[in-house]
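# Results of the structural survey
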Amino acid sequence: MATGEVNDFPLSDNFRLREFQCACCGQVKLHPYLVQRLQALRERLGRPVLINSGYRCKKHNAAVGGAPQSLHLEGMAADIRVAGIAASKLGHLSEALGFTGIGIYPGFVHVDIRPGKARW
Ligand SMILES: [Zn+2]
Ligand SMILES: [Zn+2]
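Residues numbered from 1 in each chain as written. Chains lettered and ligands numbered in written order. Predicted model: local features only at pLDDT ≥ 70, side-chain atom pairs only at ≥ 80, totals over all residues. Heavy atoms only, no water.

Turning our eyes to something else, we now look at the pairing of strand S2 (residues 77-81). It is a general feature of regular strands that their side chains alternate between the two faces of the sheet. Of all five residues that make up S2, four are buried, and the element is covered over most of its length. As judged from the three bridges shared by strand S1 (residues 50-53) and S2, these two strands associate in the antiparallel manner. Looking at S2, one finds that leucine 50 is bridged to arginine 81. Strand direction decides the pairing type here: S2 and strand S4 (residues 108-112), joined by four bridges, are antiparallel. Its bridge partner lying in S4, isoleucine 80 is registered against valine 109. (Buried < 20%, exposed > 50% of the residue type's maximum accessible area, 1.4 Å probe, protein only. Helix = DSSP H or I, 4+ residues; strand = E, 2+ residues; numbered from the N terminus. Pairing = 2+ DSSP bridges.)

The next subject is the nonpolar core. Membership of the largest hydrophobic core comes to 23 residues, with the highest contact counts inside it found for Leu38, Val49, Ile80, Leu90 and Val111. Elements with a minimum of two residues in this core: helix H1 (32-45), S2, helix H3 (87-96) and S4. Sequence-distant contacts of isoleucine 80, that is, excluding residues within four places in its chain, are made with Leu38, Leu41, Val49, Leu50, Ile51, Leu90, Ser94, Phe108, Val109 and Val111. (Core = buried A, V, L, I, M, F, W, Y, C linked by side-chain atoms within 4.5 Å. Contact = heavy atoms within 4.5 Å.)

The strand order across the open sheet built from five strands is S1-S2-S4-S3-S5, with neighbouring strands paired in mixed fashion. A single partner strand is all that each edge strand has here, and the edge strands are S1 and strand S5 (118-119). Strand direction decides the pairing type here: strand S3 (residues 101-105) and S4, joined by five bridges, are antiparallel. Directly across from isoleucine 102, in S4, lies its bridge partner valine 111. Here H1 sits on the sheet in contact with S1, S2 and S4, set at roughly 20 degrees to S2. Packed onto the sheet, H3 meets S2, S3, S4 and S5 and runs at close to 175 degrees relative to S3. (Axes fitted to C-alpha atoms, helices over the stretch in contact; angles between N-to-C directions.)

Our next topic: the coordination of the zinc ion (ligand 2). Around the zinc ion (ligand 2), the protein supplies His72 (NE2), Asp79 (OD) and His110 (ND1) as donor atoms, at distances of 2.0 Å. On the basis of relative accessible area, aspartate 79 is assigned to the buried category, the value being 6%. Here histidine 110 falls in the buried class, since its relative accessible area comes to 7%. (Donors = N, O, S within 2.8 Å, 3.2 Å for Na, K, Ca; no water.)

Let's shift gears to H1. Look at H1: 20 Å from first C-alpha to last across 14 residues, which is about the 20 Å you get at 1.5 Å a residue. Of the surrounding secondary structure, the elements contacted by the buried residues of H1 are S1, S2, H3 and S4. Two residues or fewer past H1, glycine 46 is found with a positive phi of approximately 70 degrees. (Expected span 1.5 Å × (residues − 1).)

The next thing to look at is unusual backbone geometry. Positioned with a positive phi, asparagine 7 is a non-glycine residue whose angle comes to about 70 degrees. With respect to the secondary-structure elements, asparagine 7 resides in the segment before H1. A residue is classified by how much of its surface remains accessible, and asparagine 7, at 12% relative accessible area, is buried.

Here's what the structure looks like:
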């Protein structure tokens, strides 16, 4: 008998695919480099990096007010938070570890792996 749940398996030492799936439908699309950089961030911090939002389908992206060209639609972005670490500090660290798009919000940081750089 098959056990376990769809998408519930490890992608790296500290992340499971399930953490990145769309909150509304469970679909997921994910770039391996995003996971690699998040794992590097996790190891640098030595504490859990929580994924508020990973992949978003078009419908969910629109529902949460995401940009029409959001990299969440491509599996190349995540909104993250780390208990006890301010968003501004997390943003700096993320940039140093190779994320190219960084957005600071109250309580979380958007990170992505776009070509070129963007900071907001
Ligand atoms: Zn969805
Ligand atoms: Zn985001």
